[in-house]
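Here is what each chain is made of, one letter per residue.
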Amino acid sequence: MKSKNRIDAYLLTLILVLLIIGVIMVFSSSYYYALDKMDNIYYFLIKDIIWVVLGLAIMFATMMMDYHLIAKVAPFAYFIGLALLIMVLTSFGIEINYAKRWLEVAGFRFQPSEVAKLCLIVFLANSLSKTNKKIGRFIEGNLPYLAMAAIYSALIIKQPNMSTSVIIILIAFAMLFVAGMLWRHLAGIAAIGIAAVVYFVKSSTYRYARFLSFRDPFADAAKSGYQVIQSLYALGSGGLLGVGLGQGMQNKLYIPEPQNDFIFATIGEELGLVGCLIVLGLYMALILKGVKIAKKAPDLFGTLLATGIMSMLAFQVIINIAVATSSMPVTGIPLPFISYGGSSMIILMTEMGILMNISMQGTRA
């Protein structure tokens with residue numbers, strides 16, 4: 001093993017650039033909405049800067065901790081996430097817009113599903129690194145982990161939050177595959193998973209309406225198709241170079257809360273196709289860097305940790321942009337580093353600190 005023990009400057013630069021773009025775009029997309037709702041154009045900007053600074057502090061602190069220490073708490077991580085997911089469905093959960101997705105502790109409101117994603121990654125990385133020889137056997141090696149991920153997924157669907165529940169399953173698949181899950185097992189479970197998604201979509205009037213609006217958003221332009229149509233207007237208006245920062249029209253009370261899930265639409269309108277491609281290029285560079293770190297991690301535990309973190313980030317980027325471009329039904333997934341949000345930013349930066357530490361530990365011989 002070759003020791004590094006120095007900061008991965010390339011990875012850090014990618015993270016910082018994405019965070020800077022995020023702060024700029026949160027302000028550009030939200031100032032009009034903040035003026036109308038909060039009577040303060042800097043409302044979301046100030047809070048976003050606070051979350052970014054706090055996230056960076058947590059990232060640097062996590063980066064300096066040996067990631068092997070995580071293995072000591074990994075056996076309990078799954079049950080911590082499970083307890084939080086159960087708690088949010090009780091009277092402790094905070095309901096907003098007909099969804100129970102938040103808990104509040106000492107004035108800080110967070111989404112347990114964000115914590116649960118990290119808990120699952122940590123638990124699976126530790127457990128799979130110890131039982132790697134069994135992973136080729138479906139009943140003994142795969143099924144228990146898939147069942148545990150499915151429990152998380154089912155609890156998150158109850159919130160309801162189908163997109164995050166799907167990401168939970170995808171993370172488990174990615175980690176199991178890297179650990180050695182056989183192709184035939186992967187294909188069989190994937191078929192069952194697709195059937196389950198179809199069932200859950202059709203079993204909910206709300207989710208089915210979103211699916212129908214994805215097929216033809218203009219069929220119900222004032223309701224289920226409204227957000228997607230405004231997003232497409234924004235992306236179409238941007239052209240090649242965009243209309244300029246702060247000059248977008250669709251974030252002027254047309255797209256609801258434009259600083260959140262549909263912030264990519266503002267990027268497209270104000271920075272144009274070129275701006276969108278730059279952002280996509282940064283994400284691609286970050287994901288490829290994460291894959292490289294996973295391949296060269298000092299041990300299997302580090303490889304699986306990095307795999308879980310980067311698969312989660314990749315799936316969130318794909319789903320968020322697919323929704324903004326009407327390539328899949330509308331769902332609430334933030335764009336990593338860029339969308340406004342406290343708990344998602346804190347958890348993401350914690351994960352980036354872990355990834356940085358894996359990179360600093362050295363490379364496999």
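Residues numbered from 1 in each chain as written. Predicted model: local features only at pLDDT ≥ 70, side-chain atom pairs only at ≥ 80, totals over all residues. Heavy atoms only, no water.

Some details on the overall build of the protein
Across its full length, the protein holds 12 helices and 3 strands. Partitioning the contacts of the protein with sequence separation of at least 6, the portion at a separation of at least 24 is 74%. With an accessible surface of roughly 16,500 Å², the protein has 69% of that area assigned to carbon and sulfur atoms. (Helix = DSSP H or I, 4+ residues; strand = E, 2+ residues; numbered from the N terminus. Contact = heavy atoms within 4.5 Å. Areas by Shrake-Rupley, 256 points an atom, 1.4 Å probe, with all protein chains shown as cover.)

Notes on the packing of aromatic side chains
The final tally for this structure, using the stated rule, is 9 aromatic pairs. With centroids separated by 6.0 Å and ring planes inclined at 45 degrees, the aromatic side chains of Phe27 and Tyr31 adopt a geometry described as tilted. Taken together, the residues Phe27 and Tyr31, both in helix α1 (residues 9–38) and 4 residues apart, mark about one turn of the helix. Phe27 sits in the partly exposed class, given a relative accessible area of 25%. Taking 5.0 Å as the distance between ring centres and 90 degrees as the angle between the ring planes, the aromatic pair formed by Tyr43 and Phe44 counts as edge-to-face. Through a chain of ring-to-ring contacts, three or more aromatic side chains come together here, namely Tyr33, Tyr43, Phe44 and Tyr340. (Phe/Tyr/Trp six-rings, centres within 6.5 Å; stacked < 30°, edge-to-face > 60°. Buried < 20%, exposed > 50% of the residue type's maximum accessible area, 1.4 Å probe, protein only.)

Details of helix α3 (residues 70–87)
Taking 1.5 Å per residue as the helical rise, α3 with its 18 residues ought to reach 26 Å, and the 24 Å between its terminal C-alpha atoms agrees with that figure. Along its length, α3 reaches its greatest deviation from straightness, about 50 degrees, at Phe76. (Expected span 1.5 Å × (residues − 1). Bend = angle between axes of the 7 residues up to and from the residue.)

A short note on the nonpolar core
Among the nonpolar cores identified, the biggest contains 102 residues, and Leu305, Leu313 and Phe337 are the most heavily contacted of them. At 14 residues, the largest contribution of residues to this core is made by helix α11 (residues 300–324). (Core = buried A, V, L, I, M, F, W, Y, C linked by side-chain atoms within 4.5 Å.)

Considering the pairing of strand β2 (residues 99–105)
Sheet analysis places strand β1 (residues 94–96) next to β2, joined by 3 bridges and oriented antiparallel. If you follow Ile96 over to β2, its bridge partner there is Ala99. Hairpin remark: β1 followed by β2, antiparallel, with 2 residues in the connecting loop; positive phi at Asn97, about 55 degrees. As judged from the 3 bridges shared by β2 and strand β3 (residues 108–110), these two strands associate in the antiparallel manner. Across the sheet, the residue bridging to Leu103 is Phe110, located in β3. Linking β2 to β3, which pair antiparallel, is a turn of 2 residues; within it Ala106 sits at a positive phi near 55 degrees. (Pairing = 2+ DSSP bridges.)

Describing the sheet that holds β1
Across the sheet, 3 strands lie side by side as β1-β2-β3; this open sheet has antiparallel pairing. The open sheet terminates on both sides in strands that have one partner only, identified here as β1 and β3. Ignoring strand direction, the axes of neighbouring strands in this sheet form an average angle of 40 degrees. (Axes fitted to C-alpha atoms, helices over the stretch in contact; angles between N-to-C directions.)

Focus: helix α4 (residues 112–130)
Here α4 is 19 residues long and its end C-alpha atoms lie 27 Å apart, about the 27 Å a rise of 1.5 Å per residue gives. The buried fraction of α4 is high, at 16 of 19 residues.

A few points about the packing of α1 against helix α12 (residues 342–361)
Between α1 and α12, the least distance of the axes is 11 Å, while the angle of their chain directions is 165 degrees. Looking at the two axes, α1 sits roughly antiparallel to α12. Handedness of the crossing formed by α1 with α12: left-handed. Seen from α1, the contacting residues are Leu11, Leu12, Ile15 and Leu19; seen from α12, they are Met345, Met349, Met352, Leu355 and Met356. (Parallel < 35°, antiparallel > 145°, perpendicular 65-115°, else oblique. Left-handed = near helix turned anticlockwise from the far one by under 90°.)

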